[in-house]
Amino acid sequence: MELFFLGTGSGVPSKERNVSSLVLRLLEKSGRTWVFDCGEATQHQILSTNIRPRRIEKIFITHLHGDHIYGLPGLLSSRSFQGGETPVTVYGPSGLKDYIEISLSISGTRLKYPLYIEEVDEGFLFEDEAYEVEAVKLQHGLKSFGYLIKEKDKLGELRPDRLKELGVQPGPIYQEIKEQEKTTLENGRTIYRDEVLGPPKKGRKLAILGDTRYMPELKEKLSEVDVLVHEATFASEEEAMAHDYFHSTVKQAAQLAKQANVQELILTHISSRYHGEAVKQLEREANTIFDRTTIAFDFYQHHIK
Ligand SMILES: [Zn+2]
Ligand SMILES: [Zn+2]
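Parameters and conventions
Residues numbered from 1 in each chain as written. Chains lettered and ligands numbered in written order. Predicted model: local features only at pLDDT ≥ 70, side-chain atom pairs only at ≥ 80, totals over all residues. Heavy atoms only, no water. Donors = N, O, S within 2.8 Å, 3.2 Å for Na, K, Ca; no water. Tetrahedral: all angles 85-135°; square planar, octahedral: opposite > 155°, others 65-115°. Helix = DSSP H or I, 4+ residues; strand = E, 2+ residues; numbered from the N terminus. Buried < 20%, exposed > 50% of the residue type's maximum accessible area, 1.4 Å probe, protein only. Axes fitted to C-alpha atoms, helices over the stretch in contact; angles between N-to-C directions. Parallel < 35°, antiparallel > 145°, perpendicular 65-115°, else oblique. Left-handed = near helix turned anticlockwise from the far one by under 90°. Contact = heavy atoms within 4.5 Å. Nonpolar A, V, L, I, M, F, W, Y, C, P; charged D, E, K, R; others polar. Pairing = 2+ DSSP bridges. Core = buried A, V, L, I, M, F, W, Y, C linked by side-chain atoms within 4.5 Å.

Asker: Give me the coordination of the zinc ion (ligand 1): which residues, what numbers.
Answerer: Asp67 (OD), His68 (NE2), Asp211 (OD) and His269 (NE2) make up the full set of protein donors to the zinc ion (ligand 1), lying at 2.1 to 2.3 Å. Classification of the site at the zinc ion (ligand 1) as irregular follows from its 4 donor atoms and the range of 89 to 169 degrees in their angles at the metal. In the primary sequence, the donor residues of the zinc ion (ligand 1) line up as D-H-x142-D-x57-H. The metal-metal distance between the zinc ion (ligand 1) and the zinc ion (ligand 2) comes to 3.5 Å, with Asp211 coordinating both. Taken together, the positions of His68 in helix α2 (residues 66-69) and Asp211 in the loop between β12 (205-209) and β13 (227-231) put the pair 143 residues apart, joining distant regions of the chain. By relative accessible area, which is 1% here, His68 ends up buried.

Set out below in structure tokens:
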């Protein structure tokens, strides 16, 4: 699992930071790619990476402000030209369906792949064999969501010592034993998978939040996530301004990370008023409260352990 930040600025693009977009690559599943927000020129940012638009399977939109969606029709359209044939599902708040359908129809765009648009509400969104995703309501000028991605627990490793005790010789049979609940050996003996597996491997949890005011009440919901991606539009001293504009400060994001006891915090959606030394200062402010904080920058890749 890896996060790849394509745009980390707030509001308008700057030379250093494009507007919001973040890619989650689920490496174990042959490059399945999920996109979170799609600000203008996200497809241009993708050109400088090894991300393949045809691998994009799901797009999650946190809210409908322009700096999060103006790149969406272009990306969907280019994906068609670039040979994307597999379906794409886009999730986001109400209004998303109109926005996409009108943009595509007015521009005479016909996609060569099935596009599904799901307008979301708070709560359970979907699950597949490996992940479960939930939408969390935030506080912003428009309806805004965070997405909580929970990887399902995986089977533990086979224990060779146990297998040996049961008289199973190493070979392709090991794989078979792991794949099914019980396996009958050639000698007629039945091996139950549970008897020969180590403890299950705990799935990872990620929270990718859209624009929001500070919401300390999220601490239970975000409790012990492995990675929290939180906006930090303003420096710590700008709390009043952050409140007025429905955004958060660096300090507030770090406080929430601490209260929720998350493993790591990544800050994004940084205002263009901060660059160079000022960004280092933001990082120091965050680290005094929560020392496992990183301030994302465009093309920052974060491997999730
Ligand atoms: Zn924004
Ligand atoms: Zn916004």
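Asker: So what about the coordination of the zinc ion (ligand 2)? Which residues, and what values?
Answerer: His63 (NE2), His65 (ND1), His140 (NE2) and Asp211 (OD) make up the full set of protein donors to the zinc ion (ligand 2), lying at 2.1 to 2.4 Å. Around the zinc ion (ligand 2), the 4 donor atoms sit at angles spanning 88 to 171 degrees, and that spread fits a shape best called irregular. Counting gaps between the donor residues of the zinc ion (ligand 2) yields the pattern H-x1-H-x74-H-x70-D.

Asker: Can you break down the packing of helix α9 (residues 250-259) against helix α10 (residues 277-289) residue by residue, with the values?
Answerer: Orientation of α9 relative to α10, taken along the N-to-C sense of each, is 30 degrees, at an axis distance of 8 Å. Comparing the axis directions of α9 and α10 gives the class roughly parallel. Regarding α9 and α10, the two cross each other, and that crossing is right-handed. Here Val250, Lys251, Ala254, Gln255 and Lys258 of α9 come into contact with α10, specifically with Leu282, Glu285, Ala286 and Ile289. The residue inventory of the contact of α9 with α10, partitioned by class, reads 5 nonpolar, 1 polar and 3 charged.

Asker: Give a description of the sheet that holds strand β15 (residues 293-295) that names residues and reports values.
Answerer: Here we have 7 strands laid out as an open sheet, ordered β7-β8-β9-β12-β13-β14-β15, and mixed in their pairing. What marks the edges here is a single partner per strand, and that holds for β7 (123-127) and β15. When the angles between neighbouring strand axes are averaged without regard to direction, this sheet yields 20 degrees. Strand direction decides the pairing type here: β7 and strand β8 (residues 131-137), joined by 4 bridges, are antiparallel.

Asker: An account of the nonpolar core is requested, with residue identities and associated values reported.
Answerer: In this structure, Leu218, Leu222, Leu228 and Leu267 are the most contacted members of the largest nonpolar core, which totals 30 residues. Within the residue set of this core, elements represented by two or more residues are β12, α9, β14 (264-268) and α10. Per-element tally for this core: the top contributor is α9, with 5 residues. Look past the residues within four positions of Leu228 in its chain and what remains in contact with it is Ala207, Leu209, Leu222, Ala257, Val262, Glu264, Leu265 and Ile266. In terms of nonpolar packing, the next biggest core, distinct from the first, is built from 28 residues, Phe36, Phe126, Ala130 and Ile208 among them.

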